[in-house]
Amino acid sequence: MASVDDPVNSAPDRELEDPGKARVFYDERYRAGYMDDWPIEKRDRVAALVKELRLAPRGRALDYGCGVGAFTAVLRSALPGWEVHGTDISNEALARAEAALPDCHFHKLDECERLGGSFDFIFSHHALEHVSDVQSTAATIANMLVPGGAMLHILPCRDPGGLEAWVCALRRDGIEPDRGNRFFFDEEGHLRRLSSQDLIGLWSGHGFSGERVYHAARCWGAIERLSGSEDLGELWRFSDPSKAVDRRAARRLHVLRVALVALWFARRPTTIVRHKAILGVHGARDVRVLSAACILYPISWPIDWLTRSLVRREWTRHRGRPEGSEMYVFLTRRTPGPTSE
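These numbers were taken from a predicted model, which means no experiment stands behind them.

K.L.:
Which parts of the structure should I look at to understand the environment of Leu296?
P.N.:
For Leu296, the location among the structural elements is in helix H12 (residues 283–318). The class of Leu296 is partly exposed, set by a relative accessible area of 45%.

K.L.:
Teacher, can you tell me more about the state of the cysteines here?
P.N.:
Disulfides are covalent bonds that link the sulfur atoms of two cysteine residues. Per the counting criterion, the structure on display carries zero disulfides. Of all cysteine sulfurs in the structure, the one in Cys168 sits closest to Cys157, which takes part in no disulfide; the separation is 12 Å. Given a relative accessible area of 1%, Cys157 falls into the buried group. Of all cysteine sulfurs, the one in Cys168 lies closest to Cys219, which takes part in no disulfide; the gap is 14 Å.

K.L.:
Mind showing me how you'd approach the packing of aromatic side chains here?
P.N.:
Given two aromatic rings, one states the distance between the centres and the angle between the planes to describe the pair. Applying the stated criterion across every chain yields a total of 12 aromatic pairs. The interplanar angle of 70 degrees and the centroid separation of 5.9 Å between the aromatic rings of Phe183 and Phe185 together place this pair among those described as edge-to-face. Residue class for Phe183 comes out buried when judged on its relative accessible area of 1%. When the centroid spacing of 4.8 Å and the interplanar angle of 50 degrees are considered together, the rings of Trp315 and Tyr328 count as tilted. Taken together, the residues span a long stretch of sequence, with Trp315 in helix H12 and Tyr328 in strand S9 (residues 326–333) at a distance of 13 residues. Note on accessibility: Trp315 and Tyr328 belong to one class, buried.

K.L.:
Looking at this structure, how should I read helix H9 (residues 220–227)?
P.N.:
Helical geometry note: an α-helix holds 3.6 residues per turn, so side chains three or four residues apart project in the same direction. In terms of residue burial, H9 counts as a mostly covered element, since six of its eight residues are buried. For H9, the complete set of buried residues consists of Gly221, Ala222, Ile223, Glu224, Leu226 and Ser227. Of the surrounding secondary structure, the elements contacted by the buried residues of H9 are helix H7 (163–170), helix H10 (232–238), helix H11 (247–279) and H12.

K.L.:
Quick question: what am I supposed to make of a positive patch on the surface here?
P.N.:
Judged by side-chain charge, Arg247, Arg248, Arg251 and Arg252 come together as a positively charged surface patch. Residue position: Arg248 is located in helix H11. What makes Arg248 exposed here is its relative accessible area of 52%.

K.L.:
I tried to follow the nonpolar core on my own but got confused; where do I start?
P.N.:
Within the largest apolar cluster, 36 residues are counted, with the highest numbers of intra-cluster contacts made by Tyr26, Ile122, Ile141, Met144, Met151, Leu199 and Trp203. For this core, the secondary structure elements donating two or more residues are helix H1 (19–31), strand S1 (60–64), helix H5 (109–112), strand S4 (119–125), helix H6 (134–144), strand S5 (145–156), helix H8 (196–204) and S9. At five residues, H6 tops the list of elements feeding residues into this core. Contacts of Tyr26, omitting those with residues within four sequence positions, involve Leu16, Tyr34, Ile89, Ser90, His130 and Gly189. Among the nonpolar cores identified, the runner-up in size contains 31 residues, and Val50, Ala61, Phe106 and Ile154 belong to it.

K.L.:
Quick question: what am I supposed to make of the environment of Arg319 here?
P.N.:
Mapped onto the elements, Arg319 comes out in the loop between H12 and S9. Leaving out residues up to four positions away in the same chain, Arg319 has contacts with Leu49, Glu52, Val213, Tyr214, His215 and Glu314. One polar contact links Arg319 to Glu52, side chain to side chain, over a distance of 3.0 Å.

K.L.:
Looking at this model, I keep getting lost on the packing of H9 against H12. Mind explaining?
P.N.:
The description of two helices packed together rests on the angle between their axes and the distance between the axes. Where H9 contacts H12, the axes come no closer than 8 Å and their chain directions differ by 145 degrees. Seen from above, H9 lies across H12 with left-handed handedness. Counted together, Trp220, Gly221 and Glu224 of H9 and Thr307, Arg308, Leu310, Val311 and Glu314 of H12 form the full contact between these two elements. Tallied by class, the residues present in the contact of H9 with H12 amount to three nonpolar, two polar and three charged.

The rules behind each value
Residues numbered from 1 in each chain as written. Predicted model: local features only at pLDDT ≥ 70, side-chain atom pairs only at ≥ 80, totals over all residues. Heavy atoms only, no water. Helix = DSSP H or I, 4+ residues; strand = E, 2+ residues; numbered from the N terminus. Buried < 20%, exposed > 50% of the residue type's maximum accessible area, 1.4 Å probe, protein only. Disulfide = S-S within 2.5 Å. Phe/Tyr/Trp six-rings, centres within 6.5 Å; stacked < 30°, edge-to-face > 60°. Contact = heavy atoms within 4.5 Å. Patch = residues over 30% accessible without salt bridge, like charges linked within 9 Å, V, L, I, M, F, W, Y side chains within 5 Å. Areas by Shrake-Rupley, 256 points an atom, 1.4 Å probe, with all protein chains shown as cover. Salt bridge = Lys/Arg side-chain N within 4 Å of Asp/Glu carboxyl O. Lys, Arg positive; Asp, Glu negative; His and termini not counted. Charge placed at Lys NZ, Arg CZ, Asp CG, Glu CD. Core = buried A, V, L, I, M, F, W, Y, C linked by side-chain atoms within 4.5 Å. Polar contact = N/O pair within 3.5 Å; in protein donor to acceptor, adjacent residues only side chain to side chain. Axes fitted to C-alpha atoms, helices over the stretch in contact; angles between N-to-C directions. Left-handed = near helix turned anticlockwise from the far one by under 90°. Nonpolar A, V, L, I, M, F, W, Y, C, P; charged D, E, K, R; others polar.

Set out below in C-alpha cells:
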C-alpha cells in the first residue's frame, strides 16, 4: 500500500484518464523502482491459485498490465506448457520485463489490443484500478479472448467487511465517492475501487460470469502489510483518530493505532534482517542497524512468524468469505443453451 504522501505517486487522477499522460506518469514511476517486486508469499499464492483453475495443458496466456513482469514470471511458472505474453501502457516497464524474461512475449498496449481472439487466458494483477476507461478495457479484454477463454483479475476491493473497510467506516474521509469510491489511503494512481459485483458486471454483457470469487486481506492480511511497512507514518496516518466520525470511532482508531505500532516495533528487527539478507549491507550505518536488529531477532522472529502464519491461515480457511480488501475473481464465458427450432 503506497503512502498518500509519496511524491512518486502524486499525480492528479483526472490527468491519468488521458492515456498519453498516464504513459508518461507510469514511465517515470517504473524508472523510480515502482512495483519492482512482490513478497514471495503473494507470488506463491497466485501461482497456486492459477494451478487450481485446471486450465488446459497448453494455450496462450496474457498478463494484462504486466509492469516489469513480476507476475508474468509467475504465470510462466504456473503454466509451463503455455506461451506467455505481457502488455503494459509503460514502455519503460515493457523494456525491463523483456530483458528479465526473454522467453516470454511482450507487446505495447495498443498493439496487443488489436490481437482479437488470440488468448485462451487473460490475467491481471492490480491493473484495472489504474486504467483510464474500465468499461472500454473490459470490452477489449473480452475481445482478445478465444470463444472458450477465461480470465483471472486481482485488484483492490470495496466489498463490505474486513479491517480496511471497517476503518474507512470510522473515518470522515474513509471513502471518496467522487473519485471512483476509492479508500482514503489508495495511491493517486488508482482511479477507482470496484466491488466484486461491479467487476463481474463489467463482463456480464460479454457473456462472462464469475466462477470463483475469493478475498484476501480480510484482517490479518491488512495487519501484516501495515505492521511490515518501511514507513511507520503510513500506519500512523491510517489509524488517525482526528479523522474519526465521532468519539467512539476515535477511541477505536486509537486502540488500533496502539496495537499496530506495537506490532510494527515487535516485527521490525526481523524485517530489517530479512531486507538486509536480500539487499546486502552497505556502509557503517547498515552494520549498526543490522547488529541492533540481530540482538532483538530471537524475540522478534516468533512474533513475525505468527503474524505471517495467521495471514496464510486466513487465506486458506476464509478466502471464500465475501470480506476483504483484495479480490481474486475468475470469470469464464457462459455456454449458450440449446436454441429451440
